Amino acid sequence: MKLYTYWRSTSSYRVRIAFALKKLEAEQAFVHLVRNGGEQNAPSYRAINPQGRVPALELDDGSILIQSPAILEYLEEIYPTPALLPSDPVARAKVRAVASIIGCDVHPLHNVGPLNHLRKVFGRSEPEVPAWIATWVGQGLSAVEVLIGDEGFCFGPEPTLADVFLLPQLYAARRFAVPLEAFPRILRVEKVAGEHPAFLSAHPGNQPDAE
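Residues numbered from 1 in each chain as written. Predicted model: local features only at pLDDT ≥ 70, side-chain atom pairs only at ≥ 80, totals over all residues. Heavy atoms only, no water.

A. A look at the overall build of the protein chain. When helices and strands are counted, the protein chain shows nine helices and four strands. Going from N to C terminus, the protein chain has its helices and strands arranged as β-α-β-α-β-β-α-α-α-α-α-α-α. Against the 2.2 N^0.38 benchmark of 17 Å for 211 residues, the protein chain shows a C-alpha radius of gyration of 17 Å, consistent with a compact globule. Here the C-alpha coordinates of the protein chain stretch approximately 45 × 45 × 30 Å along the principal axes. Sequence-distant contacts in the protein chain: of pairs separated by 6 or more residues, those separated by 24 or more amount to 65%. (Helix = DSSP H or I, 4+ residues; strand = E, 2+ residues; numbered from the N terminus. Rg over C-alpha atoms; globule rule 2.2 N^0.38 Å. Contact = heavy atoms within 4.5 Å.)

B. Seen up close, the side chain of Arg-16. The residue Arg-16 is located in helix α1 (residues 10-21) in this model. Within the buried core, Arg-16 has no salt-bridge partner, and the shortest N-O distance to an opposite charge, that of Asp-209, equals 6.0 Å. Setting aside chain neighbours within four positions, we find Arg-16 in contact with Leu-3, Thr-5, Tyr-6, Trp-7, Gln-28, Ala-202, His-203, Pro-204 and Gln-207. (Buried < 20%, exposed > 50% of the residue type's maximum accessible area, 1.4 Å probe, protein only. Lys, Arg positive; Asp, Glu negative; His and termini not counted. Salt bridge = Lys/Arg side-chain N within 4 Å of Asp/Glu carboxyl O.)

C. How the structure looks around the packing of aromatic side chains. Under the defined criterion, the tally for this structure stands at five aromatic pairs. Ring geometry for Tyr-13 against Tyr-171: centres 6.1 Å apart, planes inclined by 85 degrees, an arrangement best described as edge-to-face. Of this pair, Tyr-13 sits in helix α1 while Tyr-171 sits in helix α7 (residues 161-175), and the two are 158 residues apart along the sequence. The class of Tyr-13 is buried, set by a relative accessible area of 3%. For Tyr-171, a relative accessible area of 18% translates into the label buried. (Phe/Tyr/Trp six-rings, centres within 6.5 Å; stacked < 30°, edge-to-face > 60°.)

D. Layout of the pairing of strand β1 (residues 2-5). As paired strands, β1 and strand β2 (residues 27-30) are joined by four bridges and run parallel to one another. Across the sheet, Lys-2 pairs through a bridge with Glu-27, a residue of β2. As paired elements, β1 and strand β3 (residues 56-58) share three bridges and run antiparallel to each other. Following the sheet pairing, Tyr-4 is matched in β3 by Ala-56. (Pairing = 2+ DSSP bridges.)

E. Inspection of unusual backbone geometry at higher detail. Looking along the chain, the bond that leaves Val-54 and enters Pro-55 is cis, with omega of 5 degrees. For Pro-55, the location among the structural elements is in the loop between α2 (43-46) and β3. Going from Thr-81 to Pro-82, the amide bond is cis rather than trans, its omega being -5 degrees. With respect to the element layout, Pro-82 can be found in the loop between α3 (68-78) and α4 (89-106). Not every positive phi belongs to a glycine, and Lys-23 is a case in point at roughly 55 degrees. Tracing the chain through its elements places Lys-23 in the loop between α1 and β2.

F. Region of the structure containing the nonpolar core. Membership of the largest hydrophobic core comes to 58 residues, with the highest contact counts inside it found for Ile-17, Leu-141, Val-144, Leu-166 and Ile-186. No other element matches α7, which puts nine residues into this core. The contacts of Ile-17, once residues within four sequence positions are left out, are Val-164, Leu-167, Pro-168, Phe-199 and Ala-202. (Core = buried A, V, L, I, M, F, W, Y, C linked by side-chain atoms within 4.5 Å.)

G. Structural detail: the sheet that holds β1. Strands sit in the order β2-β1-β3-β4 across an open sheet of four strands; the sheet is mixed. Here the strands that pair on one side only, and so sit at the sheet edges, are β2 and β4 (64-66). Between one strand and the next, the sheet's axes are offset by a mean angle of 20 degrees, whatever the strand orientation. Strand contacts of α1: β1, β2 and β3, with the helix running at about 150 degrees to β1, the strand carrying the most contacts. (Axes fitted to C-alpha atoms, helices over the stretch in contact; angles between N-to-C directions.)

H. Seen up close, the pattern of salt bridges. Following the criterion strictly, the structure yields six salt bridges and no others. For the salt bridge of Asp-150 with Arg-185, the shortest nitrogen-to-oxygen distance reads 2.7 Å. In this pair, Asp-150 sits in the loop between α6 (128-147) and α7 while Arg-185 sits in helix α8 (residues 184-193), placing the two residues 35 residues apart along the sequence. For Asp-150, a relative accessible area of 55% translates into the label exposed. The partner of Glu-195 in a salt bridge is Lys-191, and the shortest N-O contact between them spans 3.2 Å. Neither residue differs from the other here; Glu-195 and Lys-191 are each classed as exposed.

Written out as structure tokens, the structure reads:
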């Protein structure tokens, strides 16, 4: 398999965590989202992913998968051990809910495209952009703080899809200087994950293309 990725992309970070947890390997192809106007906009990459985003996963048969939730569900179905979703349907729904808060409600509002739109189309100043980010990240994490458990990872001693989404979001929150002191449960999860080899290996700072 080949994973098209960028070290600072939180969506790519999610997929790297899942690969590490499941002890899978993929060749990495690096797509720099800033250099030369963004390598994701080059025709050669648009031929791989028409949306022009990372990650994209090329399978051994040449099939291309895009969008991190779809890639993660594929990995869970094809490589079910260790499981990132509980067997109980209610527990699965709760894990998916936390993942969806981050993937659907928080992350899209601080992605590169929307932030550039704020600057270029609506003329928002640089001090205003971090305030925008902090608002939506703070609201999302406030909900996650209530929904997760009191011990271990988000939902117990083993990581789930909720943790796969949460840790990259915390990396982004710290990158944009979003205050996290009000989220003790989330900070506990961050500490636990910070000692896990899969999360460490997937961290943006440990990627070959990190700057």
